[in-house]
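The primary structure of each chain is shown beneath.
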Amino acid sequence: MPNHVKRRSPAEPGSIPAVLNIFESEVRFYREIAPVVGVRVPACYESEANAEGTLLVLEDLSAWEPGAEPVAGAKALRDLHDRWIGRAHLEWPWLRPLEAGADLVAALFDRTWPRLASRSDLSAPVREAGERLVGHVLDAERDVARAGELTLAHGDASAQNLRTAPDGVVAFLDWEDVSAAPGALDLAWFLLSSVEPERWSEAVDAYGTSHGLAEAMPSTMVQGYLTMADYPDGSEPAAGWNARLESAAALLARGRV
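A quick note: this is a predicted structure, and the numbers were derived from the prediction, not measured.

K.L.:
Before we move on, can you summarise the overall build of the protein with the specific residues and values?
P.N.:
Each helix and strand in the protein was counted, giving eleven helices and eight strands. Taking the principal axes of the C-alpha coordinates as reference, the protein spans close to 50 × 40 × 35 Å. For the protein, buried positions account for 49% of its 257 residues. Across the protein, contacts joining residues at least 24 apart in sequence account for 77% of those joining residues at least 6 apart.

K.L.:
Before we move on, could you go through the sheet that holds strand β3 (residues 53–58) and cite the residues and values that matter?
P.N.:
The three strands are arranged β1-β3-β2 in an open sheet whose pairing can be described as antiparallel. Two strands in the sheet have a free side with no partner beyond their single neighbour: β1 (4–8) and β2 (44–50). Strand after strand, the sheet turns through a mean of 5° between neighbouring axes, direction not considered. The pairing of β2 with β3 spans six bridges and is classified as antiparallel. Directly across from cysteine 44, in β3, lies its bridge partner leucine 58.

K.L.:
Please give an account of the packing of aromatic side chains that cites residues and values.
P.N.:
The full count for this structure, using the stated rule, is eight aromatic pairs. When the ring of phenylalanine 109 is compared with that of tyrosine 225, the centres are 5.9 Å apart and the planes differ by 70°; the resulting orientation is edge-to-face. Of the two residues, phenylalanine 109 is situated in helix α5 (residues 102–117) and tyrosine 225 in helix α10 (residues 213–228); the sequence distance between them amounts to 116 residues. Judged by relative accessible area, phenylalanine 109 falls into the buried class, the value being 1%. Clustering of aromatic rings is evident, with ring pairs tying together Phe29, Tyr30, Phe172 and Trp175. When the ring centre of tyrosine 207 is taken as reference, the NZ or CZ atom of arginine 78 above it lies at 5.0 Å. The lysine or arginine in question, arginine 244, covers the ring of tryptophan 241, its NZ or CZ lying 4.6 Å from the ring centre.

K.L.:
Go over the sheet that holds strand β7 (residues 170–172), please, and point to the residues and values.
P.N.:
The strand order β4-β6-β7 describes an open sheet built from three strands, whose pairing is antiparallel. The strands lining the two open edges of the sheet, one partner per strand, are β4 (65–66) and β7.

K.L.:
Before we move on, could you go through α10 and cite the residues and values that matter?
P.N.:
In this model, α10 (16 residues) spans 21 Å end to end at C-alpha, consistent with the 22 Å of a helix rising 1.5 Å per residue. Serine 219 marks where α10 bends most, by close to 30°. Taking burial as the measure, the 16 residues of α10 include twelve buried ones, the bulk of the element. Within α10, the full set of buried residues consists of Leu213, Ala216, Met217, Pro218, Ser219, Thr220, Met221, Val222, Gly224, Tyr225, Leu226 and Met228. In the core, the buried residues of α10 are packed alongside α5, α6 (124–133), α7 (137–143), α8 (183–194), α9 (200–207) and α11 (236–254).

K.L.:
Tell me what's going on with the layout of surface pockets, and back it up with residues and numbers.
P.N.:
Taken as a whole, the largest pocket encloses approximately 1,400 Å³ of empty space. In terms of lining residues, the largest pocket is bounded by 49 residues, among which Gly155, Asp156, Asp177, Trp189 and Gln223 are the most central. Counting only elements with at least two residues in the lining of the largest pocket, the list comes to β1, α1 (16–20), α5, β8 (179–182), α8, α10 and α11. Among the residues forming the lining of the largest pocket, the class breakdown is 22 nonpolar, 14 polar and 13 charged. If you add up the space inside the second largest pocket, you get close to 180 Å³. Forming the walls of the second largest pocket are 13 residues, and the residues nearest its centre are Ile85, Gly183, Ala184, Tyr207 and Thr209. Among the elements of the structure, α3 (70–84) and α8 are those that each provide at least two residues to the lining of the second largest pocket.

K.L.:
Give me the pattern of salt bridges: which residues, what numbers.
P.N.:
Any two side chains of opposite charge can pair, on the condition that their charged atoms come close. Under the definition given, this model contains 14 salt bridges. Residues joined by salt bridges that share partners form a network here, namely Lys6, Arg8, Glu26, Asp174 and Glu176.

K.L.:
So what's going on with the side chain of aspartate 121? Which residues, and what values?
P.N.:
Mapped onto the fold, aspartate 121 is located in the loop between α5 and α6. A relative accessible area of 15% means that aspartate 121 is categorised as buried. Among the polar contacts listed, one links the side chain of aspartate 121 to the backbone nitrogen of glycine 234, at a separation of 2.8 Å. Beyond its immediate chain neighbours, meaning those up to four positions away, aspartate 121 contacts Met228, Pro232, Asp233, Gly234, Ala238 and Asn242.

Each value, and the rule that gives it
- Residues numbered from 1 in each chain as written.
- Predicted model: local features only at pLDDT ≥ 70, side-chain atom pairs only at ≥ 80, totals over all residues.
- Heavy atoms only, no water.
- Helix = DSSP H or I, 4+ residues; strand = E, 2+ residues; numbered from the N terminus.
- Buried < 20%, exposed > 50% of the residue type's maximum accessible area, 1.4 Å probe, protein only.
- Contact = heavy atoms within 4.5 Å.
- Pairing = 2+ DSSP bridges.
- Axes fitted to C-alpha atoms, helices over the stretch in contact; angles between N-to-C directions.
- Phe/Tyr/Trp six-rings, centres within 6.5 Å; stacked < 30°, edge-to-face > 60°.
- Lys NZ or Arg CZ within 6 Å of the ring centre and 35° of its normal.
- Expected span 1.5 Å × (residues − 1).
- Bend = angle between axes of the 7 residues up to and from the residue.
- 1 Å grid on protein atoms, 1.4 Å probe; cavity = no way out; pocket = protein on both sides within 12 Å on 5 of 7 lines; lining within 4 Å.
- Points joined across faces, edges and corners; volume = space filled by probe spheres on them.
- Nonpolar A, V, L, I, M, F, W, Y, C, P; charged D, E, K, R; others polar.
- Salt bridge = Lys/Arg side-chain N within 4 Å of Asp/Glu carboxyl O.
- Polar contact = N/O pair within 3.5 Å; in protein donor to acceptor, adjacent residues only side chain to side chain.

Next comes the structure, spelled out in structure tokens:
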């Protein structure tokens, strides 16, 4: 079976990937954390980080089923989080802390919002929730600290970074955004990026708690809006993002799923 080769050139100085050190963080994940992480990840056969960039040679899981069912994905996240709650940031002090790069994300959102607000495919609740975030993204990032105890967070637990084996085991790919954060942040992004709104309650029940979800969701919505901005107005992917952002806005209005 061929390996998956992942090469990254050095990030542009001052960019979000450079400030967050995401490429080097993934190399360190595979060197230091993957051997003990306790959930399924691709085996790593080679890892390099130098002035020319980073290189990872990984097990190729492309033959596995893309994504994960909401219940299975939520349970896999809970397994990851439970293993490292209160420990990850002590074991690996280099893990990205909360609010890292928040000023850059806030500036990007505020620059992007006028273009988003002019779209025809934003529903009223999604538009109103976005308006409330303008100028307040840093507040949303600070609120994540109230979402629960720190654990090892994947940072981008969307379906595109999950694979499901024939026996149902869920594997986590792409650890560039690995961090020390409340587990609710991963759960919020899994819901917003990958789960149909009518199955959110099912996924949360599988995770075992909705504690911290309301505190983590505004920060997650910022990323959702920025992702939606990459799709054409009226496109099918944009409609999916609008539906899930609307569900997130309703969650915040109710204070629960």
